Amino acid sequence: MTNLLINIDHVATLRNARRETFPDPVAAAVFCETAGADGIVFHLREDRRHITERDVRLLKETVRGKLDFELSTNEDVLAICCRTQPHLATLVPERREEVTTEGGLDVVGHRDRLREVIPRLFDAGIEEVALFVDPVPAQIEASREVGANAIELHTGDFAIARAREAQKAEAERLARGAEKAHELGLRVHAGHGLDYLNYPLFAQTVPHVREVSIGFAVVARAVLVGLDRAVREMRLLVKGY
Ligand code: PXP
């Protein structure tokens, strides 16, 4: 069974666009869990463009399911993550100019830094440390070598593929990546750009996925149909009920 974690950064983006106190991503997290989400994901960015330290404190206190803290290897954010002790820390690349995370982490190119950072997260009491990677064998092997116990497969290329053949080819590439990670004993998560239309092909093709992290599609649908319904519809797709 694949678990559904909802990323609530997009609620904070809307709040911050008006420099307001609402909509509150912490309240959104409560709605997501009430609608059956297995957990909540947030990304505390260096520039704090959406989630803030206040949100992190309150999410830690209120989320009852799994809490996934996405972060870069920035020292300040790393210290906050260690203090927060989420169930899962997912290391992602971060560039200030980007609109959203673009591509997976270059684990091969950042081995030394990751070898230093990952034990600090485990030592803080965090049980799972995942690296957000493209489905590239060398990156997956390096994830194991630097000490992570999970990967999050970057599904962005699959999500932007339009022609059916291209979608299938990307899904198969993700499937090979998932097999490889599974053989190496890494837990497999996935996310970025998964939505109501592309999820069925992803689920049919890619094995071993323990959890998916989905944000934009659910929050965008919530604007039209409400957050409760948007989460329940995604839960039906991911979990079958
Ligand atoms: N996983 C990671 C590492 C991400 O950076 C994001 C985007 O915030 C997601 C999953 C969720 O992507 P989306 O919002 O497109 O569903």
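What comes next concerns the included structure. (Residues numbered from 1 in each chain as written. Predicted model: local features only at pLDDT ≥ 70, side-chain atom pairs only at ≥ 80, totals over all residues. Heavy atoms only, no water.)

## Details of the site of the ligand
Okay, step 1: Neighbouring the ligand are 15 residues; His 10, Glu 152, Gly 193, Gly 215 and Phe 216 lie closest to it.
Okay, step 2: Within the contact set of the ligand, an oxygen atom lies 3.3 Å away from a side-chain nitrogen or oxygen of Asn 7.
Okay, step 3: Taking Glu 70, its side chain carries an N or O atom lying 3.4 Å from an oxygen atom of the ligand.
Okay, step 4: Contact with the protein chains hides 95% of the accessible area of the ligand, taken as 390 Å² for the molecule alone.
Okay, step 5: Of the residues belonging to the shell around the ligand, the class tally is 4 nonpolar, 9 polar and 2 charged. (Near = heavy atom within 4 Å. Polar contact = N/O pair within 3.5 Å; in protein donor to acceptor, adjacent residues only side chain to side chain. Areas by Shrake-Rupley, 256 points an atom, 1.4 Å probe, with all protein chains shown as cover. Nonpolar A, V, L, I, M, F, W, Y, C, P; charged D, E, K, R; others polar.)

## Concerning helix H3 (residues 53-62)
The α-helix advances 3.6 residues per turn, and as a result positions three or four apart in sequence lie on the same side.
Okay, step 1: When we look at burial in H3, the residues that qualify are Asp 55, Val 56 and Leu 59. The arc that holds every buried residue of H3, seen down its axis, measures 100°, which confines them to one face. For H3, the exposed residues set more than 90 degrees away from the buried face come down to Arg 57 and Glu 61.
Okay, step 2: As for H3, its buried residues are in contact with helix H1 (9-17), helix H2 (25-34), strand E2 (39-43), strand E3 (66-71) and helix H4 (75-84). (Buried < 20%, exposed > 50% of the residue type's maximum accessible area, 1.4 Å probe, protein only. Helix = DSSP H or I, 4+ residues; strand = E, 2+ residues; numbered from the N terminus. Arc of directions from axis to C-beta. Contact = heavy atoms within 4.5 Å.)

## Things to note about the side chain of His 43
Okay, step 1: Relative to the assigned elements, His 43 resides in strand E2.
Okay, step 2: Beyond its immediate chain neighbours, meaning those up to four positions away, His 43 contacts Asp 9, His 50, Ile 51, Glu 70, Leu 71, Val 92, Glu 94 and Thr 101.

## Digging into the nonpolar core
Okay, step 1: Ranked by internal contacts, the top residues of the largest apolar core, which has 69 residues, are Leu 91, Leu 131, Phe 202 and Val 212.
Okay, step 2: Examining the composition of this core, we find that 5 residues originate from one element, helix H11 (residues 227-239), more than from any other.
Okay, step 3: Discounting residues that sit within four places of it in the chain, Val 212 has contacts with Thr 2, Asn 3, Leu 4, Leu 5, Ala 190, Leu 194, Tyr 199, Phe 202 and Val 238. (Core = buried A, V, L, I, M, F, W, Y, C linked by side-chain atoms within 4.5 Å.)

## Description of the sheet that holds E3
Strand pairing within a sheet occurs via backbone hydrogen bonds; the two strands may be parallel or antiparallel.
Okay, step 1: One closed barrel accounts for 8 strands, arranged E1-E2-E3-E4-E5-E6-E7-E8; its pairing is parallel. Direction aside, neighbouring strands of the sheet carry axes that sit 25° apart on average.
Okay, step 2: Inspection of the sheet shows E3 paired to strand E4 (residues 88-91) by 4 bridges, in the parallel sense. Looking across to E4, one finds that Glu 70 is bridged to Thr 90.
Okay, step 3: Across the sheet, H4 lies against E3 and E4, angled at about 170° from E3, the strand it touches most.
Okay, step 4: Helix-sheet contacts for H11 involve strand E1 (3-7) and strand E8 (209-214), and the interaxial angle to E1 is about 145°. (Pairing = 2+ DSSP bridges. Axes fitted to C-alpha atoms, helices over the stretch in contact; angles between N-to-C directions.)

## Looking at the packing of helix H10 (residues 216-225) against H11
Okay, step 1: Across the interface, H10 lies against H11 with an axial gap of 7 Å and an inter-helix angle of 130°. Classified by the interaxial angle, the pair formed by H10 and H11 is oblique. Note that H10 runs across H11; the crossing there is right-handed. Touching Val 218, Arg 221, Ala 222 and Val 225 of H10 are Leu 227, Arg 229, Ala 230, Val 231, Glu 233 and Met 234, all from H11.
Okay, step 2: Residues of the contact of H10 with H11, tallied by class, amount to 7 nonpolar, no polar and 3 charged. (Parallel < 35°, antiparallel > 145°, perpendicular 65-115°, else oblique. Left-handed = near helix turned anticlockwise from the far one by under 90°.)

## A word on the packing of helix H6 (residues 137-145) against helix H8 (residues 164-183)
Okay, step 1: Taken N-terminus to C-terminus, the directions of H6 and H8 make an angle of 25°; their axes are 10 Å apart at the nearest point. Judged by the inter-axis angle, H6 sits roughly parallel to H8. Of the two possible hands of crossing, H6 and H8 adopt the one that is right-handed. Across from Pro 137, Ile 140 and Glu 141 in H6, the residues of H8 making contact are Gly 177, Lys 180 and Ala 181.
Okay, step 2: A class-by-class count of the residues in the contact of H6 with H8 yields 3 nonpolar, 1 polar and 2 charged.

## With respect to the environment of Gly 177
Okay, step 1: With respect to the helices and strands, the residue Gly 177 is situated in helix H8.
Okay, step 2: Under the relative-accessibility criterion, Gly 177 is labelled buried at 4%.
Okay, step 3: In the structure, Gly 177 is positioned 37 residues away from Ile 140 in sequence and 7.4 Å away in space, judged by C-alpha atoms.
Okay, step 4: Leave out the neighbours within four places in its chain, and Gly 177 touches Pro 135, Ile 140 and Leu 153.

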